[in-house]
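These are the residues of each chain, in order.
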Amino acid sequence: MKISSLSSLNTWVHVPANSDFTLYNLPYGIFKYGSKKPRVGVAIGEHILDLSYLYKKGYLDQLFLNENVFKSDSLNRFIALGKPYWTLTRKRLIDILKEDNGELRDRKEDVEKALIPMKKATLLMPVKVGNYTDFYSSMEHATNVGKMFRPDGDPLLPNWKHIPVGYHGRASSIVVSGTPIHRPKGQTMPDGATTPVFGPTRQLDFELEMGFIVGRENELGTSITTDQAEQYIFGMLIFNDWSARDIQKWEYVPLGPFLSKNFASSVSPWVVTMDALEPFRCAGPIQDPPVLPYLRFEGEKSFDIHLEVYLQPEGGEPQLISESNHKYLYWNISQQLAHHTVNGCNMKIGDICASGTISGATENSYGSMLELTWRGTRPIRLANGTERKFIEDGDTVIMKAYCKKGNLRIGFGSVQCKILPAI
Ligand code: MN
């Protein structure tokens with residue numbers, strides 16, 4: 001279908017103007033409502049469409065599923081069905097929700113049970129994450145960090161334009177939007193000191209990232225090419241990779257970040273599928289010097305996703321502090337997955353690969369406090385008169401993401417997380 005015909009697709013469900021959750025989007029998530037067990041739903045306007053209920057009532061019989069994969073507390077079973085099923089399910093859901101289709105619309109009792117007001121539901125972690133990898137794919141971010149952490153050397157290390165640099169993070173501490181986080185404690189080496197000290201981090205930071213969810217497994221010993229990569233990706237979500245900069249600076253040599261990163265990452269509850277992202281494909285930055293053959297790719301593999309970060313002090317209003325875009329990433333997600341598996345590493349369904357902080361070229365597009373305040377030397381002024389070098393107790397960080405092209409708009413909703421004092 002052409003974009004022009006898609007953007008004029010209307011649904012009989014009320015979708016407010018500028019909603020992230022248009023008929024064209026239909027992102028998947030896990031929700032809990034009333035006394036019922038968690039289940040799979042898709043977001044539409046201000047509602048969640050309960051797929052488990054639709055399955056039970058026969059609305060999804062055309063999919064010939066062997067079991068109700070939607071009666072589950074994670075998307076993993078649905079994802080495991082594979083890309084043809086993701087696409088078929090999407091088509092069927094668009095069909096059911098189209099304004100001229102009365103099969104569900106006209107059965108008031110079913111509509112009442114299938115459409116849950118999002119406000120009244122609790123959104124849960126969308127996937128069971130087995131493994132989490134964090135890339136470092138924004139050249140602007142890597143350059144800024146290099147300038148601050150290694151002022152005497154080249155900001156970009158010699159491998160950076162040849163390798164989509166990444167490290168293995170920790171899956172157990174990935175939490176869904178709304179889950180508060182306590183300020184982490186650890187070892188730091190204060191500037192000018194000769195012995196380290198222990199205590200709560202004084203440089204708590206967010207990282208504006210997007211993650212993709214692995215949707216298909218490759219066998220141990222085999223690799224995924226850049227051509228095949230998107231067949232192995234279910235969708236994307238917003239990813240806030242919390243970081244403690246003072247702990248990071250002291251611990252990261254020579255094996256990279258450890259406790260400065262693994263205390264928490266926050267994700268948005270809705271996973272936007274690659275099918276929904278299709279119209280927002282675009283070209284990425286030119287890669288120079290040329291990359292090795294296994295990292296070359298054909299066509300457009302980047303995505304035009306507008307990103308925003310808001311900081312909300314305790315008792316105050318959210319204030320926009322950064323605007324960036326997923327398309328700024330030097331290394332695209334297909335290259336990330338090809339690189340991750342080129343050695344035969346096997347990916348699992350539900351694994352998350354995050355992009356690394358997504359910074360743009362301008363100072364208002366930096367994706368972390370470290371860069372926005374240049375390690376605290378240029379504090380951000382807030383509307384309530386206070387200023388921030390890093391994130392303080394009581395602050396809430398909110399990230400939003402959406403794509404827009406003509407009348408067509410899809411969004412990721414938001415991920416928000418409040419910081420509580422150290423325990
Ligand atoms: Mn990160």
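Given the structure is predicted, the values throughout are model-derived calculations rather than measurements.

Details of helix α4 (residues 83–97)
Part 1 of the argument: Look at α4: 21 Å from first C-alpha to last across 15 residues, which is about the 21 Å you get at 1.5 Å a residue.
Part 2 of the argument: Among the residues of α4, Lys83, Trp86, Thr89, Arg90, Arg92, Leu93, Ile94, Ile96 and Leu97 are the ones counted as buried.

As for the sheet that holds strand β26 (residues 408–420)
Part 1 of the argument: Spatially, the five strands line up as an open sheet ordered β9-β26-β25-β20-β21, and their pairing is mixed. The sheet is open, and its two edges are formed by β9 (181–182) and β21 (319–325), each paired on a single side.
Part 2 of the argument: In the sheet, β9 pairs with β26 via two bridges, with the strands oriented parallel. Within β26, the position partnered with His182 by the bridge is Leu420.

A closer look at the environment of Pro16
Part 1 of the argument: By the secondary structure assignment, Pro16 is in the loop between α1 (3–7) and β1 (28–32).
Part 2 of the argument: What makes Pro16 partly exposed here is its relative accessible area of 24%.
Part 3 of the argument: Residues Pro16 and Phe412 lie 396 residues apart in sequence; the distance between their C-alpha atoms is 15 Å.
Part 4 of the argument: With residues near it in sequence (within four places) discarded, Pro16 still touches Gly45 and Glu46.

Observations regarding the environment of Val197
Part 1 of the argument: Of note, Val197 is situated in strand β11 (residues 197–200).
Part 2 of the argument: A C-alpha to C-alpha distance of 46 Å links Val197 and Met274, two positions 77 residues apart in sequence.
Part 3 of the argument: Ignoring anything within four residues of it in the chain, the contact list for Val197 reads Gly186, Gln187, Thr188 and Pro190.

Section: the packing of aromatic side chains
Part 1 of the argument: In this structure the tally under the stated criterion is 11 aromatic pairs.
Part 2 of the argument: Ring geometry for Tyr132 versus Phe239: centroids 5.0 Å apart, planes at 40°, classification tilted. Residue Tyr132 is located in strand β6 (residues 132–135), and its partner Phe239 is located in strand β14 (residues 233–240); the two are separated by 107 residues in the primary sequence.
Part 3 of the argument: Take Phe239: its relative accessible area is 0%, and that puts it in the buried class.
Part 4 of the argument: Centroid distance Phe149 to Tyr252: 5.8 Å. Interplanar angle 50°. Geometry classified as tilted. Of this pair, Phe149 sits in helix α7 (residues 139–149) while Tyr252 sits in the loop between α8 (245–251) and β16 (265–267); the two residues are 103 residues apart in sequence, bridging distant segments of the chain.

The rules behind the values
- Residues numbered from 1 in each chain as written.
- Predicted model: local features only at pLDDT ≥ 70, side-chain atom pairs only at ≥ 80, totals over all residues.
- Heavy atoms only, no water.
- Helix = DSSP H or I, 4+ residues; strand = E, 2+ residues; numbered from the N terminus.
- Expected span 1.5 Å × (residues − 1).
- Buried < 20%, exposed > 50% of the residue type's maximum accessible area, 1.4 Å probe, protein only.
- Pairing = 2+ DSSP bridges.
- Contact = heavy atoms within 4.5 Å.
- Phe/Tyr/Trp six-rings, centres within 6.5 Å; stacked < 30°, edge-to-face > 60°.

These results come straight from atomic positions and should not be treated as a statement about function.
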